[in-house]
Structures are given as structure tokens and as C-alpha cells.
Amino acid sequence: MKATELLIEDHKTVKDLIQELKSAKDKGDLLVRLENEIQLHTQSEEQIFYPAMREYDNELVEHSIEEHQQVDQILTDLVGLTGKDKNFKKKLSELEKALDDHIEEEEGTLFPEAEENLGDQLDRLGEQIENLKKDLSAGGRMAA
């Protein structure tokens, strides 16, 4: 599968988990899954996809990395809260907005640029992303 297709699937998974979190009574396991999915996705992009795109749109790649840092900070704050904390919903909404903005930019600009500029390389990059995710998941922990 092409890298862009895999990353779009990741976006859908994360969006679905956020929707589940909004109504879940027990948020603990879902929050851990969300954190893991975001970390896997971020590492896949930063280690494999972004380096390949850097020569075509370095500015957008740098902006995307900054957005990852913002999402990571919000996620760290969210994980520190309990589902019963009055700030949980607010922080979850903040995370959802940051992710929506990031996803819109990637799917609307960066991924079409990748399709145009990377072409056949996207399959190879997709394979590398799948392997990285397997390695990270098998290790039982996500690297920071």
C-alpha cells in the first residue's frame, strides 16, 4: 500500500478513537490506544515520509513537524487527566481541533504533492512505514 494511503488510514483511526473517547465511560484504555496510534503515526511520518518529501516542500514538512509537537503536548496534558476531570473534555476538543487542522493540511496539500513528486516511491515508503510500525509495536513501547 502507498505511504499516503497508510497515513490516511492512520488519520481515520485517530479520528474514530477520538469520537469513541467522547462518549466512553472508561476512557483509560482508549486513551492509551489513541496515544499509541498518534505516536506510531508521528514516527512513521517523521522517520520515513517527511524525509522523502523534504526536497519538494521543506517549509510544509517543517510546519507539519511543529504541528506534531503541538499535538504531542496536548496529548501529554490529556493523558495526565482522568476522564472525570472537568478539563478532560476541553483538552480532548483541543486535541481534536489540532489534529483536524493537521490532517486537513496533509491530505489537502502534502499528500497530493507526494503523489505528484514521489510517484512509484510511495509503495516502497509504505512498506517501510508498515515495517517500522511492526517493529515499534513488537517492541512493546513507543520511542519518544
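Up top is the structure these notes are about.
To start, this report covers the structure provided alongside it. (Residues numbered from 1 in each chain as written. Predicted model: local features only at pLDDT ≥ 70, side-chain atom pairs only at ≥ 80, totals over all residues. Heavy atoms only, no water.)

**A look at the overall build of the protein**
Now for step 1: In terms of helices and strands, the protein carries 4 helices and 0 strands.
Now for step 2: In the protein, the order of α-helices and β-strands from amino to carboxyl end is α-α-α-α.
Now for step 3: Principal axes of the C-alpha set define a box for the protein whose edges measure 45 × 30 × 25 Å.
Now for step 4: Across the 144 residues in the protein, those meeting the buried criterion constitute 43%. (Helix = DSSP H or I, 4+ residues; strand = E, 2+ residues; numbered from the N terminus. Buried < 20%, exposed > 50% of the residue type's maximum accessible area, 1.4 Å probe, protein only.)

**A few points about the packing of aromatic side chains**
Aromatic ring pairs are defined here through the distance separating the ring centres and the angle between the ring planes.
Now for step 1: What the rule picks out here adds up to 2 aromatic pairs.
Now for step 2: Taking 6.2 Å as the distance between ring centres and 55 degrees as the angle between the ring planes, the aromatic pair formed by phenylalanine 49 and tyrosine 50 counts as tilted.
Now for step 3: Taking the relative accessible area as the measure of exposure, phenylalanine 49 reaches 0% and is therefore buried.
Now for step 4: The class for tyrosine 50 is buried, based on a relative accessible area of 1%.
Now for step 5: Considering the side-chain rings of phenylalanine 49 and phenylalanine 111, the 5.5 Å spacing of their centres and the 90 degrees angle between planes classify their relative orientation as edge-to-face. (Phe/Tyr/Trp six-rings, centres within 6.5 Å; stacked < 30°, edge-to-face > 60°.)

**Observations regarding the pattern of salt bridges**
Now for step 1: Per the stated rule, a full pass over the model turns up 8 salt bridges.
Now for step 2: Of the charged contacts, one joins lysine 22 and glutamate 96 as a salt bridge, the two residues approaching to 2.8 Å between their closest N and O atoms. Taken together, the positions of lysine 22 in helix α1 (residues 3–23) and glutamate 96 in helix α3 (residues 88–118) put the pair 74 residues apart, joining distant regions of the chain.
Now for step 3: Looking at lysine 22, the relative accessible area reads 38%, which means it is partly exposed.
Now for step 4: A salt bridge links lysine 97 to aspartate 101; the nearest nitrogen and oxygen atoms lie 2.9 Å apart. In this pair, lysine 97 and aspartate 101 both sit in helix α3, 4 residues apart, roughly one turn of the helix.
Now for step 5: Judged by relative accessible area, which is 34%, aspartate 101 ranks as partly exposed. (Salt bridge = Lys/Arg side-chain N within 4 Å of Asp/Glu carboxyl O.)

**Quick word on the environment of threonine 76**
Now for step 1: Structurally, threonine 76 is set in helix α2 (residues 28–79).
Now for step 2: By relative accessible area, which is 52% here, threonine 76 ends up exposed.
Now for step 3: Linking threonine 76 and glutamate 35, residues 41 residues apart in sequence, is a C-alpha distance of 8.7 Å.

**Focus on the packing of α1 against α2**
Now for step 1: At their nearest, the axes of α1 and α2 sit 10 Å apart, and the two run at 160 degrees to each other. The angle between the axes of α1 and α2 places the two elements in the roughly antiparallel class. You can see that α1 and α2 cross each other, and the crossing is left-handed. Taking contact as the criterion, the partners of Ala3, Thr4, Leu7, Asp10, His11, Thr13, Val14, Leu17, Ile18, Glu20 and Leu21 in α1 are, on α2, Leu30, Leu31, Arg33, Leu34, Glu37, Ile38, His41, Ser44, Glu45 and Phe49.
Now for step 2: Of the residues contributing to the contact of α1 with α2, the split by class is 11 nonpolar, 5 polar and 5 charged. (Axes fitted to C-alpha atoms, helices over the stretch in contact; angles between N-to-C directions. Parallel < 35°, antiparallel > 145°, perpendicular 65-115°, else oblique. Left-handed = near helix turned anticlockwise from the far one by under 90°. Contact = heavy atoms within 4.5 Å. Nonpolar A, V, L, I, M, F, W, Y, C, P; charged D, E, K, R; others polar.)

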